[in-house]
Every structure is written in C-alpha cells, then in structure tokens.
Amino acid sequence: MKFLIHIVLMILLLFQTTLAGQKISDDSLMKIANLEIYNNPDNAINIGKKLLRKERDLNKSIKIYLILSTAGIAKRNFDESLQYILKARELVQKTNDPKIQTSFLIAAAVQYQQMELFSKSLETLDEADEYLVKLPEDSYLKNFETARSFALRGMIYKSQSNPEIALQEFLIAIRNFEKIKEKKEKTYFNQSIIYYNIGHCYLNLNQPDNAGTAFMKSMNLAGMIKAKSLEAFALKGLAEMNKQKHQNQEALKLLIKAENLGKEAGDLSLNEGIYKEMADNYLAMGNPNLYQVYSRKYFETKFKREQSELSSINHAIDVHNMETQKKSKKLATRYNYFMAGMIILGLFILSIFFYFVMKIRKQNKKYHDEIKQLIRD
C-alpha cells in the first residue's frame, strides 16, 4: 500500500513539474523575444506568434502583441507593426488595468512617432499621462513608462529641429531609467537609444566632442546586452561625428563595422543612414565609383522604407477615419437623444402651460357668470 502511495505521489510530482516547466518555458520565451527585438526582430516575431497561439490570458496576450509591434518597428515594417497595435487595442478595451493601458498607449505613441505623425503621438502621450498618475510611486513600471514618455517627446522635438528642448526631455528620461534597479536589459536598450539621440542633438548644436561621449555611452550600453543593431546605430553616430571633423577614413571604418553588425536586424532606417554616410564620405574623399554604389543603395533602401511607411500611414488614416465616424455617430446619437428630450420637455411644459391657461379661463368664466348673476339679482 505504501509503495502504491509513493507511486501516486511521484506521478503527481512529475505532473506538477511538467506544468511548472511549461510555465517557465513560456516566460523564458517572452524574455528571449524581448531580447531579440533589436538583434533579430524576425525571431522575436516568430516566438511571439507561437506564444499567441496558446495564450489565453488577456493581459499576457496584450504584452505579446506589444512585443510583436515593437519588433515590427525595429524592422521598420510599420504596416505590420500597426496591425499588431490595432489587435492589442481591441484587447485593451476589455481591461481596466492602468498598467496595461499605460504600456499600450505609450507603445501606440511610439508607433505614431515612427510614422512621423507627431501630433497624434503627443496626443496619445497626453492620454497615457492620465493613467501614469494612477501607478504606484517609485514602482518599476511608473519609472519605466515615465522615462519612455519623456524619451519619446524628446525624439519628437529633435525631429522638429528643437535640439535644446529635446536634450532636456532626454535627460529627464535618463534620470527615470537610472532609478530602475531591476530588468537592466530593457533599461539598457532604451538608454542606448536615448544616448544615441542625445549625440545627434549635440551634433546639431555643433558640439562634436559631447556628441562623441554620448555615442560611446550608447555603444557601451548596447554592448552590455549584445544589441548589435544598437551598436551599429552608435557606430554610425560616431562616424557622423568624424565626418563633421573631416576624418573621413576613420568614419568609413566605423560605417563598415556598423554595416556588418546591422545585417541581421534588417533595419531599413539603419541601413539607409549607413549607406548615406558612406556615400557622403566616399564623395568627400574623391571616390566617385564607390559614391555611386552607396548612393544607389541609399536611394533603394529609402524607397523601401518610404513605401512601408506610406502603407502604414494609409492604414492609420483608415483607422482614424473609422474612429472619427464612430465619434460622429456617438455625437449624432447624443444630439438626437438631446433633441428628443428637449422636445418631450417642451411638450410637457406646453401641456402644463395650456392646462393652467384653460384652468384660469374656466375660473374667469365662472367668475364672469357669477358677476352677471349678481347684477341680475
């Protein structure tokens, strides 16, 4: 009997271990997908799709869609990224969790910023701020999303040729990321991106030495997490700094290294920037043949990126039109209800008015008859 009990307990233990292993496996896959977003976005997307097929939890499904969307942005496939954002939004409407709503809105703002729909991005960030205030103070998510919000605002100001304001936003973002002690991989990713943008702000302000310091910080952070595409961006930034100093040969060495690092990522924007810089440097060095080679690559990559952006913008416009129509229908329905209410209220008031008018007339007639009777008497 004891032997049988031991057998049953062992079976139960093995069953529980299998379930726990499956749970850990899924969580590990989520972590891998997050890490692969910038190094190998195709792999991140494949992992995300596999997880979606068996995921039944609403909040986890939203997180997976956000990973897929971010990986799409990393590939500069804005149309694909937008589709995942829209699917996430459908699920977000079913939850009241401010954490999920904040993360989704900031992810959507990133999408709009990448598509250069800056006013829509800022509008979405303002909406996210309403949920940010509901998060616990000094919590990981509040610091992380606050940092992302300021970083995104900085990128928008930088795109609008306001490097001084952009720098202020970026530095606030860095301070918020530095408050986070856990999940260093995610914070290093984001800090690397921010320092890259800080470097460009300094370049625009004609401060190449400060730019070089920022680009080196970006590269070091990317190296800590083996984010090859981010390292490539930082190298491209350093090459731009060298070009500004007329050190074209050194710039080309950095760009060739950046091109090799960025091959796996398939980032159209990264490749476009590298090819443009290589063409500019070869032109400055008096090498017309290689200038033409990389100039052609630059225009081909730019065309692919713009086609991708155009397709996603068309979808975004369609979605915006649908939202506008829904809002218009809601307003029209409210207006109709309001008008119906006003008509009913008006009829009610008129009914009361006529009731009292008729009552007064009836009383007046009665008094008139009584007066006539008194006169006859």
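Keep in mind that this is a model prediction, so the values were computed, not measured.

Visitor: Please set out the nonpolar core residue by residue, giving values where relevant.
Guide: Core analysis: the largest hydrophobic core is formed by 54 residues, its most contacted members being Phe170, Ile194, Ile198 and Met278. Among the secondary structure elements, those contributing two or more residues to this core are α7 (140-159), α8 (163-178), α9 (184-204), α10 (208-224), α11 (228-244), α12 (248-261), α13 (268-284) and α14 (288-376). Counting residues per element, this core draws most heavily on α9, at 9 residues. Here isoleucine 198 is in contact with Leu167, Phe170, Leu171, Ile174 and Ala214, once residues within four sequence places are set aside. In this structure, Ala44, Ala71, Ala88 and Leu91 belong to the second largest nonpolar core, which totals 32 residues.

Visitor: Lay out the pattern of salt bridges in plain terms, naming residues and giving numbers.
Guide: Overall, the coordinates contain 10 salt bridges when judged by the stated rule. The salt bridge involving glutamate 277 is made with lysine 243; its shortest N-O contact spans 3.2 Å. Of this pair, glutamate 277 sits in helix α13 while lysine 243 sits in helix α11, placing them 34 residues apart in sequence. With relative accessibility at 25%, the residue lysine 243 sits in the partly exposed group. Residue aspartate 280 pairs with lysine 243 through a salt bridge whose shortest N-O separation is 3.4 Å. One end of the pair, aspartate 280, is in helix α13; the other, lysine 243, is in helix α11, with 37 residues separating them in the sequence. A single network of salt bridges, built from pairs that share partners, joins Lys243, Lys276, Glu277 and Asp280.

Visitor: Which residues make up helix α6 (residues 118-132), and what are the values?
Guide: Look at α6: 20 Å from first C-alpha to last across 15 residues, which is about the 21 Å you get at 1.5 Å a residue. Contacts from the buried residues of α6 go to α5 (98-114) and α7.

Visitor: Kindly report on the environment of leucine 141, identifying the contributing residues and their values.
Guide: The topology assignment puts leucine 141 in helix α7. Overall, leucine 141 belongs to the buried group, its relative accessible area being 17%. Sequence-wise, leucine 141 and lysine 99 are 42 residues apart; in three dimensions their C-alpha atoms are separated by 7.4 Å. Once residues within four sequence positions are removed from consideration, leucine 141 is found in contact with Lys99, Ser103 and Leu135.

Here is what the cut-offs are and how they apply
- Residues numbered from 1 in each chain as written.
- Predicted model: local features only at pLDDT ≥ 70, side-chain atom pairs only at ≥ 80, totals over all residues.
- Heavy atoms only, no water.
- Core = buried A, V, L, I, M, F, W, Y, C linked by side-chain atoms within 4.5 Å.
- Buried < 20%, exposed > 50% of the residue type's maximum accessible area, 1.4 Å probe, protein only.
- Helix = DSSP H or I, 4+ residues; strand = E, 2+ residues; numbered from the N terminus.
- Contact = heavy atoms within 4.5 Å.
- Salt bridge = Lys/Arg side-chain N within 4 Å of Asp/Glu carboxyl O.
- Expected span 1.5 Å × (residues − 1).

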